[in-house]
Amino acid sequence: MNIFLEKILEILCKQDNFHIIVHMFPDGDAIGSAVALCRALQNLGKKAWVISPTAIPEKFLFMLKYIQKYDIIYENFVSICVDVASLSRIRGLNYSKIDICIDHHITNENYADVTYNNTSAANTENIYKLLENLCNIQPENINLIIDNYVAECIYIGIITDTGRFKYTNVTKNTFKIAYNICEMIQNFEDLNRKIFYDYSINFVKFKHNFLNKAEYFFDNSCILGTVLLKDMEYFGVNYDELANISSMFLDIKDVKIGIVLKEKENKIFKVSVRTKKNINTLKICTFFGGGGHENACGFEVSGELENIKTEILVKLSEYVFLDK
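Throughout this document, residue positions are counted from 1 along each chain, in the order its sequence is written. At least 70 in pLDDT is required for a residue's local features to be given in this predicted model, at least 80 for side-chain atom pairs to be given and counted, and no such filter applies to totals for whole chains, interfaces and linings, which use all residues. Note that the side-chain values use all heavy atoms of the structure and ignore hydrogens as well as water.

J.: Would you explain the sheet that holds strand S9 (residues 268-275) in this entry?
T.: Sheets are built from strands that pair by backbone hydrogen bonding, the pairs being arranged parallel or antiparallel. Strands sit in the order S6-S7-S8-S9-S11-S10 across an open sheet of 6 strands; the sheet is mixed. Here the strands that pair on one side only, and so sit at the sheet edges, are strand S6 (215-217) and strand S10 (291-292). Direction of pairing for strand S7 (residues 222-227) relative to strand S8 (residues 257-265): parallel, over a ladder of 6 bridges. From the neighbouring strand, Gly-225 faces S8, where its bridge partner is Val-260. When checking whether two residues touch, look at their non-hydrogen atoms; a contact exists if any pair is within 4.5 Å. Note on method: axes are straight lines fitted to C-alpha atoms, helices fitted across the in-contact stretch only, with angles between N-to-C directions ranging 0 to 180 degrees. Strands are runs of DSSP state E lasting at least 2 residues, helices are runs of H or I lasting at least 4, and numbering of each runs from the N terminus. Along the sheet, helix H11 (residues 305-319) makes contact with S6, S7, S8, S9 and strand S11 (296-302), crossing S8 at roughly 150 degrees. The rule for pairing is simple: two strands pair if DSSP sees at least two bridges between them.

J.: For this particular structure, what's the right way to read H11?
T.: Residues spaced three or four apart along an α-helix face the same direction, because each turn holds 3.6 residues. Multiply 1.5 Å by the residue count of a helix minus one, and that product is the helix's expected span. When the terminal C-alpha atoms of H11 are compared, their 21 Å separation across 15 residues agrees well with the 21 Å that a helix rising 1.5 Å per residue should span. Summarising the contacts, the buried residues of H11 are in contact with S6, S7, S8, S9, helix H10 (282-287) and S11.

J.: Would you mind showing me how to read the pattern of salt bridges here?
T.: If the charged atoms of two oppositely charged side chains come close together, the side chains can form a pair. Throughout this description, the term salt bridge denotes a Lys or Arg side-chain nitrogen within 4 Å of a carboxyl oxygen of Asp or Glu. For the structure on display, the rule yields 14 salt bridges. With a closest N to O distance of 2.8 Å, Arg-39 and Asp-147 form a salt bridge. Of the two residues, Arg-39 sits in helix H2 (residues 28-43) while Asp-147 sits in the loop between helix H4 (142-145) and helix H5 (148-161), which places them 108 residues apart along the sequence. Under the scheme applied here, a residue whose accessible area is under 20% of the maximum for its type counts as buried, over 50% as exposed, and between as partly exposed, the area being computed with a 1.4 Å probe on protein chains only. With relative accessibility at 11%, the residue Asp-147 sits in the buried group. With its nearest N and O atoms 3.6 Å apart, the salt bridge here joins Asp-190 to Lys-194. Here Lys-194 and Asp-190 lie together in helix H7 (residues 188-196), a separation of 4 residues that amounts to about one turn. Owing to a relative accessible area of 36%, Asp-190 belongs among the partly exposed residues under this scheme. Assessed through its relative accessible area of 31%, Lys-194 is described here as partly exposed. Residues participating in the shared-partner salt-bridge network are Arg-91, Lys-264 and Glu-300.

J.: Any chance you could explain the sheet that holds strand S4 (residues 100-103) here in plain terms?
T.: Taking strand neighbours across the sheet as the criterion, the 5 strands line up as S2-S1-S3-S4-S5 in an open arrangement whose pairing is parallel. One side of each edge strand has no neighbouring strand; the edge strands of this open sheet are strand S2 (47-51) and strand S5 (114-117). Sheet twist, expressed as the mean angle between neighbouring strand axes with direction ignored, is 15 degrees. Judged from the 5 bridges that link them, strand S1 (residues 17-21) and S2 form a sheet pairing that is parallel. Opposite Asn-17, over in S2, you have Lys-47 as the bridge partner. Helix H1 (residues 3-14) contacts S1, strand S3 (78-82), S4 and S5 of the sheet and is inclined by roughly 125 degrees relative to S5. Packed on one face of the sheet, H2 meets S1, S2, S3 and S4 and runs near 165 degrees to S2.

J.: Please explain helix H3 (residues 123-137) as it appears in this structure.
T.: For H3, spanning 15 residues, the distance from its first C-alpha to its last is 21 Å, which sits close to the expected 21 Å at 1.5 Å a residue. Where burial is concerned, most of H3 is hidden: 11 out of the 15 residues are buried. Buried within H3 we find Asn-123, Thr-124, Glu-125, Asn-126, Ile-127, Tyr-128, Leu-130, Leu-131, Asn-133, Leu-134 and Cys-135.

J.: Explain the layout of surface pockets here, please?
T.: Where empty space is left becomes clear once a probe the size of a water molecule has been rolled over the atoms. With a 1 Å grid laid over protein atoms only, a set of points is called a cavity when a 1.4 Å probe fits there but cannot get out and a pocket when it is open yet has protein on both sides within 12 Å along at least five of seven lines; lining residues have an atom within 4 Å of a point. Grid points are joined across faces, edges and corners, and a volume is the space filled by probe spheres set on the points. Its boundaries defined by the atoms lining it, the second largest pocket holds a volume of some 290 Å³. If you go around the second largest pocket, the residues you meet are Glu-58, Lys-59, Lys-194, Ile-195, Tyr-197, Asp-198, Tyr-199, Ser-200, Asn-238, Asp-240, Glu-241 and Asn-244. For this scheme, ten residues count as nonpolar: Ala, Val, Leu, Ile, Met, Phe, Trp, Tyr, Cys and Pro. Four count as charged, namely Asp, Glu, Lys and Arg, and the remainder, Gly too, count as polar. Taken together, the residues of the lining of the second largest pocket sort by class into 3 nonpolar, 3 polar and 6 charged.

J.: What should I look at first to understand the nonpolar core in this one?
T.: Nonpolar side chains in soluble globular proteins tend to end up buried together. Counting 65 residues, the largest nonpolar core has Leu-37, Ile-80, Val-82, Ile-102, Leu-131 and Ile-154 as the members making the most contacts within it. For this core, the leading source of residues is H2, giving 9 residues. Other than its neighbours up to four places away in sequence, Leu-37 contacts Leu-12, Ile-20, Ile-80, Val-82, Ile-102, Ile-127, Leu-130 and Leu-131. Residues grouped as a nonpolar core are buried Ala, Val, Leu, Ile, Met, Phe, Trp, Tyr and Cys residues, joined through side-chain atoms within 4.5 Å.

J.: Would you mind showing me how to read the pairing of S4 here?
T.: The side chains of a regular strand alternate between both faces of the sheet. Residues Ile-100 and Ile-102 point to one face of S4 and Cys-101 and Asp-103 to the other, with burial holding for every one of them. Here S3 pairs with S4 via 3 bridges, running parallel. Opposite Ile-80, over in S4, you have Ile-100 as the bridge partner.

Quick look at the structure:
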């Protein structure tokens, strides 16, 4: 067993009060990781709670019904970050230190006392591995550690991080975990619809406008789209509805890179970069102070929109070796 995983298991067994922390604007993998771990610990009679620096997206709120609510204890607790590569991703939360980090980012900054970082899997796969080993340590509690609700959270994390098993981070272990938990999940269609579908009419109209205004570069192999606050207000959509928009361009044949700039405040943009296999844009995102994965990364930047676009395209031509 990995020595860091072994140390984390030792802490989980010995301690009784846990803060499980996700990154700002958490996605399905982050929420799935946190809620699965929280539920398992609560099932073992421990006190655990999920903490986010920003509001949890509405479509994931139903997952919180699986965990017991109580007043958070701020003494003698163990802080656990899940799916958090950098402390900058939990800014706004007042933690003097982080005890444990369970992550899957290449750019993890090793800020925790103990870090388990498996970069070849969705982070919920890492949580499943942790809980599976916990079952081996406490076989008498196997049905408590991974119950139906934990399995559902693991599934949600996997399908969101792998794009329903279509991204390059899918391995035989991904399918093995899905096989192990499939009998514990009875509402696959409902879960997939909640996470990926059920769009509002407003969003459909917004999406049409967004795609029409997209810009094509490098012989149409790269598409850049912009989400402005005024457009969101005009069409009546919110950030929660934009979760899957970053990968939309990759559904187009011959498009290798999709970039979405989302305006957060006046002249402040969150930039999401998604690529197909063998196209690594992580270096570009780290140049701008961001991070992530080789095929899915991002950063925040401020400035004039057209200047930001130009800077991104210059770095694409330098780092990805596309012809202008």
